[in-house]
Amino acid sequence: MNHVLHFMFGIFGNATAAFLFLSPTITFWRVIKSKSTEQFSGIPYVMTLLNCLLSAWYGLPFVSENNILVVTINGAGSGLEFIYVLIFIYHAPKKEKIKVLALFGFVLAVFSAVALVSVLALHGTGRKVFCGVVAAVFSVAMYASPLSIMRLVIKTKSVEFMPFFLSLFVFLCGTSWFVYGILGRDAFIAVPNGFGCTLGTMQLILYSIYHKNKGSKETKKPTANGTVEMGPEKPPHQEKQENSQVPQDEQV
């Protein structure tokens, strides 16, 4: 019975993780159509690629047992994230292109180093512990990435930048893999996904508190670094009055 539940939660985890990996396709379709990365950052996709590579490696039979479902979803995720990164690099401006390429090289170097050390220098339990710890650290880092969005929700009292279904699937994905890790007695899967389950729960709680505030009556002004500056809308008569004022040095 335990093996059946373990397998079922693994399948459910594959389905929810697939949704998360596919969610950026809308963003990249926009990038392709506009032929510009606009104010989007490529860093999350590069770091998610590293997380997928390390998790897929950990799931391989010669590293850890009975984790083939970890390999399937993270192998697919690695492929998708690799495509996202290539699209981003192709359409990014020169400065951003160099930054993302350097980070991409770092990711490949880290993964190669972990793979080589685990194969050539470690065996049995030592190999599993080494690969598990590295994969868990980057899994926690990936789950922690929405913390800035949660802070923005609390600050603006609006869930405009935190879609409900994305928060829901973060919760479902973290929960399913947490249970999968518990049933398989694998702390390297249970611990980081328990963290993801907790963050997903926090996002849903925030959504329940602020779900009525999906927009704000404040103007949104993009700043130089691509963030949004919130400011109260000015009354039409005030705006008209300000626009009619001409500096003295420009008057004829």
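Here the structure is shown first, and the text comes after it.
Residues numbered from 1 in each chain as written. Predicted model: local features only at pLDDT ≥ 70, side-chain atom pairs only at ≥ 80, totals over all residues. Heavy atoms only, no water.

A.B. asks: Any chance you could break down the pattern of salt bridges for me, citing the residues and the numbers?
C.D. replies: Within this structure, the stated rule accounts for two salt bridges. A salt bridge links glutamate 38 to arginine 30; the nearest nitrogen and oxygen atoms lie 2.6 Å apart. Given a relative accessible area of 45%, arginine 30 falls into the partly exposed group. Note that lysine 99 and glutamate 96 form a salt bridge whose closest N and O atoms lie 3.4 Å from each other. One end of the pair, lysine 99, and the other, glutamate 96, are both in helix H5 (residues 94-120), three residues apart, so they sit about a helical turn from each other. Overall, the relative accessible area of 43% leaves lysine 99 in the partly exposed class. (Salt bridge = Lys/Arg side-chain N within 4 Å of Asp/Glu carboxyl O. Buried < 20%, exposed > 50% of the residue type's maximum accessible area, 1.4 Å probe, protein only. Helix = DSSP H or I, 4+ residues; strand = E, 2+ residues; numbered from the N terminus.)

A.B. asks: Could you give an account of the packing of aromatic side chains, with specific residues and numbers?
C.D. replies: One pass over the full model with this rule turns up 11 aromatic pairs. Between phenylalanine 28 and tyrosine 84 the ring centres are 4.9 Å apart and the planes differ by 10°, which places this aromatic pair in the stacked class. In this pair, phenylalanine 28 is assigned in helix H2 (residues 25-34) and tyrosine 84 in helix H4 (residues 68-91), connecting sequence segments 56 residues apart. One exposure class covers both phenylalanine 28 and tyrosine 84, and it is buried. Ring centres of tryptophan 177 and tyrosine 180 lie 4.9 Å apart, and the angle between their planes is 75°; this geometry places the pair in the edge-to-face category. Of this pair, tryptophan 177 and tyrosine 180 both sit in helix H8 (residues 164-183), separated by three residues, roughly a single helical turn. Here tryptophan 177 matches tyrosine 180 in class, with each residue buried. Within the aromatic cluster, the residues linked to one another by ring pairs are Phe28, Tyr45 and Tyr84. (Phe/Tyr/Trp six-rings, centres within 6.5 Å; stacked < 30°, edge-to-face > 60°.)

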